[in-house]
Amino acid sequence: MEGGVRLRAGASKEDVRQKVWDYLEASGLAEFPRPVHRRIPNFKGSHQACCSIKELDVFYRASEIKVDPDKPLEGVRLAALQARKTLLVPTPRLRTGLFNKIVPPPGATKEILRTCATSQGIKEYSVPVGLDGKARVDLVVVGSVAVSEEGWRIGKGEGYADMEYAMMVSMGAVQADTPVVTIVHDCQVVDIAEDLLDDHDLTVDYILTPTRTIKTNCKRPKPQGIIWHKARSSEMLGKIPVLKSLRYKEKQAGKDITLQDEHSDLVNANPAAQLIENELIEVAEKTRPQAATGSAQRGQHCVENDPLNHRLEGSGMITTVYVGNIPPGVRVSELKCALREFHATPLRLNWQGAQLRAFLDYKDKATAESAVSSLKGLSLGGKTLRVELAKNQRNKG
């Protein structure tokens with residue numbers, strides 16, 4: 001293996017990661033933050049490797065570049081800002097959205113641009129870009145733990161870079177020929193068996209090290225979007241709120257968004273019981289008071305109660321959630337559909353369409369906070385909704 005990293009035959013992805021992390025630490029190549037284990041490792045010479053990107057034609061032609069927030073990619077973020085390119089950085093662990101757009105202040109000095117390229121600068125000089133942000137990424141730059149000259153990539157094992165790319169495909173931000181670059185130390189370039197790769201694994205087109213620029217000529221197709229049947233709802237949907245919104249949009253577009261653990265549920269489900277449940281939902285929709293539905297769809301004020309939950313109203317614990325930034329064309333039926341999809345159906349929905357807002361009442365604070373978490377990043381009508389606990393909580397007896 002190059003650079004001294006030696007791998008045994010039949011090594012797993014985790015074996016490769018551990019060998020690379022161990023070697024970087026033992027050889028004195030590891031840089032802050034340390035230890036490099038469980039991270040995209042920073043290394044001596046990372047800035048030099050990053051500067052090589054300015055020599056790539058794909059960088060010169062790009063106007064909008066997505067660069068991961070990892071420390072060893074700081075030099076690429078700086079190069080993009082210095083070249084006056086639009087810089088998008090994924091939000092850490094995708095907790096609050098998909099991208100942050102780095103916006104340096106007018107007349108920013110070299111020092112301020114250097115700050116903008118750091119993790120602190122990403123917090124101070126960025127604005128969020130949601131699923132409806134119309135991003136058009138010309139170049140993708142990712143970190144890696146290990147990579148092969150063929151373009152096979154191994155990350156730190158949490159799947160965020162792969163998921164970010166798949167989400168960009170689903171929202172139309174990248175195309176099949178959008179180039180992908182990674183920055184690593186020479187010792188991280190190792191032989192990786194292709195059979196270790198899964199369909200959702202991202203491959204790279206260029207590898208930049210402190211001493212080399214490698215064009216991989218990789219022919220393996222990149223992910224064509226989110227492979228929902230391989231996603232585990234309890235993990236990815238819980239960790240990435242914006243993923244729920246994207247899943248809802250793809251369902252509205254008629255795509256199969258059945259998750260891995262839902263496949264087994266469907267196999268074991270009672271078809272007759274499922275049919276009855278669907279019919280009950282349809283009946284409930286058709287028998288709602290027509291006056292209330294009509295006024296709601298014209299953007300007027302209406303209040304709808306869930307008849308199954310009247311017994312909870314006397315507790316005095318009801319907590320209200322505010323939903324704002326609702327686009328003018330959105331109907332209350334669309335919001336209700338999304339609430340059911342995200343398992344956040346309230347006791348009462350107070351729709352104020354003319355004011356582009358709604359209030360959702362839940363039985364207690366814990367349920368309301370869970371709903372806020374579930375609905376974070378929800379997009380309707382091309383806008384990301386603002387969802388938070390209402391400022392003045394109302395107790396109702």
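Per chain, residues are indexed from 1 in the order of the written sequence. Local features in this predicted model are restricted to residues whose pLDDT is 70 or higher, and side-chain atom pairs enter the listing and the counts only when it is 80 or higher, whereas totals over whole chains, interfaces and linings include all residues. Neither water nor hydrogens contribute to the side-chain values; these are computed over all heavy atoms in the structure.

Q: Outline the overall build of the protein chain, listing residues and values.
A: Helix numbers and strand numbers start at the N terminus; a helix is a DSSP run of H or I with at least 4 residues, a strand a run of E with at least 2. For the protein chain, the count of helices and strands is 14 helices and 17 strands. Looking at the protein chain as a whole, 48% of its 397 residues are labelled buried. Contact between two residues is taken to exist if any of their heavy atoms lie within 4.5 Å; hydrogens are not considered. The contacts in the protein chain between residues at least 6 apart in sequence include a share of 68% that link residues at least 24 apart. Where accessible areas are quoted, they stem from the Shrake-Rupley method and a 1.4 Å probe; at the residue level, only the protein chains shown are allowed to cover. Taken as a whole, the protein chain presents about 19,500 Å² of accessible surface, with 50% of it coming from carbon and sulfur. The cut-offs for exposure are 20% and 50% of the maximum accessible area for each residue type, with area from a 1.4 Å probe on protein chains only; residues under the lower value are buried, those over the upper are exposed, and the others partly exposed.

Q: Before we move on, can you summarise the environment of R153 with the specific residues and values?
A: Relative to the helices and strands, R153 is located in strand β7 (residues 153-154). Accessibility expressed as a relative area gives 7% for R153, which makes it buried. Sequence spacing of R153 and E194 is 41 residues, and the spatial spacing of their C-alpha atoms is 9.8 Å. Leaving out residues up to four positions away in the same chain, R153 has contacts with I40, V142, G143, S144, A146, V147, A161, D162, L202 and V204. Side-chain polar atoms of R153 contact the side chain of S144, separated by 3.2 Å. We define a polar contact as two N or O atoms separated by no more than 3.5 Å, with the added condition that, inside protein, one atom must be a possible hydrogen donor and the other a possible acceptor, whereas residues neighbouring each other in sequence contribute only through side-chain atom pairs.

Q: So what's going on with the confidence of the model for the protein chain? Which residues, and what values?
A: pLDDT gives the predictor's per-residue confidence on a scale running from 0 to 100. For the protein chain, mean pLDDT is 80; residues scoring 70 or higher make up 78% of the total. For the stretch residues 272-299, pLDDT sits under 50, and the model shows 17 contacts to residues farther than four places along the chain or on other chains. This model gives residues 306-315 a pLDDT under 50, and the stretch forms 13 contacts once residues within four places in sequence are excluded.

Q: So, the pattern of salt bridges: which residues are in play, and what are the values?
A: By convention in these notes, a salt bridge is any Lys or Arg side-chain nitrogen within 4 Å of a carboxyl oxygen on Asp or Glu. Per the counting criterion, the structure on display carries 16 salt bridges. Note that D57 and R61 form a salt bridge whose closest N and O atoms lie 2.0 Å from each other. Pair noted here: D57 and R61 are both in helix α3 (residues 57-61), with a separation of four residues, about one helical turn. When the shortest N-O distance is used, the salt bridge between D186 and R212 registers 3.9 Å. Residue D186 is located in the loop between β8 (180-183) and β9 (206-208), and its partner R212 is located in the loop between β9 and β10 (213-215); the two are separated by 26 residues in the primary sequence. On the accessibility criterion, D186 (15% relative accessible area) is buried. A relative accessible area of 27% places R212 in the partly exposed class. Taken together, the shared-partner salt bridges connect E14, R17 and R38 into one network.

Q: Break down the sheet that holds β8 for me, citing the residues and quoting the values.
A: Within a sheet, each strand pairs with its neighbour through backbone hydrogen bonds, oriented either parallel or antiparallel. Pairing is mixed across the open sheet formed by eight strands, whose spatial order is β4-β3-β2-β1-β5-β8-β9-β10. Bordering the open sheet on either side are β4 (126-129) and β10, each of which pairs with just one other strand. Averaged over all neighbouring strand pairs, the angle between strand axes comes to 25°, with direction disregarded. The strands touched by helix α4 (residues 74-82) are β1 (64-67), β2 (86-90), β3 (99-102), β5 (139-143) and β8; relative to β2, the strand with the most contacts, the crossing angle is about 150°. Here, a strand pair is defined by DSSP locating no fewer than two bridges between the strands. Note on definitions: angles span 0 to 180 degrees between N-to-C directions of axes, and those axes are lines fitted to C-alpha atoms, for helices only across the stretch in contact.

Q: A description of the environment of A354 should follow, citing residues and the corresponding values.
A: Positionally, A354 belongs in the loop between β13 (348-352) and β14 (357-362). Taking relative accessible area as the criterion, A354 reaches 59% and is therefore assigned exposed. Measuring from C-alpha to C-alpha, the distance between A354 and I326 comes to 9.7 Å, with 28 residues separating the pair along the chain.

Q: I'd like a description of the packing of aromatic side chains, backed by residues and values.
A: Only Phe, Tyr and Trp rings are paired, with Trp represented by its six-membered ring, and only when their centres lie within 6.5 Å; those with planes under 30 degrees apart are stacked, over 60 edge-to-face, the remainder tilted. For the coordinates displayed, the defined rule picks out one aromatic pair. We note K85 situated over the ring of F59; from NZ or CZ to the ring centre the distance is 5.0 Å. Counting as a charge over the ring demands two things of the Lys NZ or Arg CZ atom: a distance within 6 Å of the ring centre and an angle within 35 degrees of the ring normal.

Q: Outline the nonpolar core, supporting the account with residue identities and numerical values.
A: Take the buried Ala, Val, Leu, Ile, Met, Phe, Trp, Tyr and Cys residues and link them wherever side-chain atoms come within 4.5 Å; each set so joined is a nonpolar core. The biggest cluster of nonpolar side chains holds 50 residues, and the ones touching the most others in it are I53, L139, V141, V181 and I183. It is α4 that contributes the most residues to this core, five residues altogether. Residues within four places of I183 in sequence aside, it is in contact with F43, S46, A49, C50, P72, L73, V76, V141, V142 and L208. With 33 residues, the next largest nonpolar core counts Y165, V184, V204 and I226 among its residues.

Q: Quick rundown of helix α1 (residues 13-26)? Include the residues and the values.
A: In a helix, the anticipated span is given by 1.5 Å times the number of residues less one. Here α1 contains 14 residues, and its C-alpha end-to-end distance of 20 Å stays within 8% of the 20 Å for a straight helix at 1.5 Å per residue. Looking only at α1, the buried set comprises K13, V16, R17, V20, W21, L24 and E25. Buried positions in α1, seen along its axis, are confined to an arc of 155° and lie on one side of it. Packed against the buried residues of α1 are β6 (146-147) and β7. Looking one or two places after α1, you find G28, whose phi comes out positive at around 80°. Relevant arc is that of directions from the helix axis to the C-beta atoms, nothing else.

Q: Describe the side chain of K222, naming the residues involved and giving the relevant values.
A: Structurally, K222 can be placed in the loop between β10 and α8 (233-239). Ignoring anything within four residues of it in the chain, the contact list for K222 reads Y165, T178, V180, L202, T203 and D205.

Q: An account of helix α13 (residues 332-341) is needed here, citing residue identities and associated values.
A: Here α13 has its buried residues at V332, L335, K336, A338, L339 and E341. Once α13 finishes, H343 follows within two positions and takes phi at roughly 55°, a positive value.

Q: Report on unusual backbone geometry, specifying residues and quantitative values.
A: With omega at 0°, the peptide bond leading from F32 into P33 counts as cis. Residue placement: P33 occurs in the loop between α1 and α2 (46-51). With omega at -5°, the peptide bond leading from R34 into P35 counts as cis. With respect to the helices and strands, the residue P35 is situated in the loop between α1 and α2. The phi torsion at R38 lies on the positive side, around 70°, for a residue other than glycine. Checked against the element boundaries, R38 lands in the loop between α1 and α2. Given a relative accessible area of 45%, R38 falls into the partly exposed group. Unlike most non-glycine residues, N325 shows phi in positive territory, near 65°.

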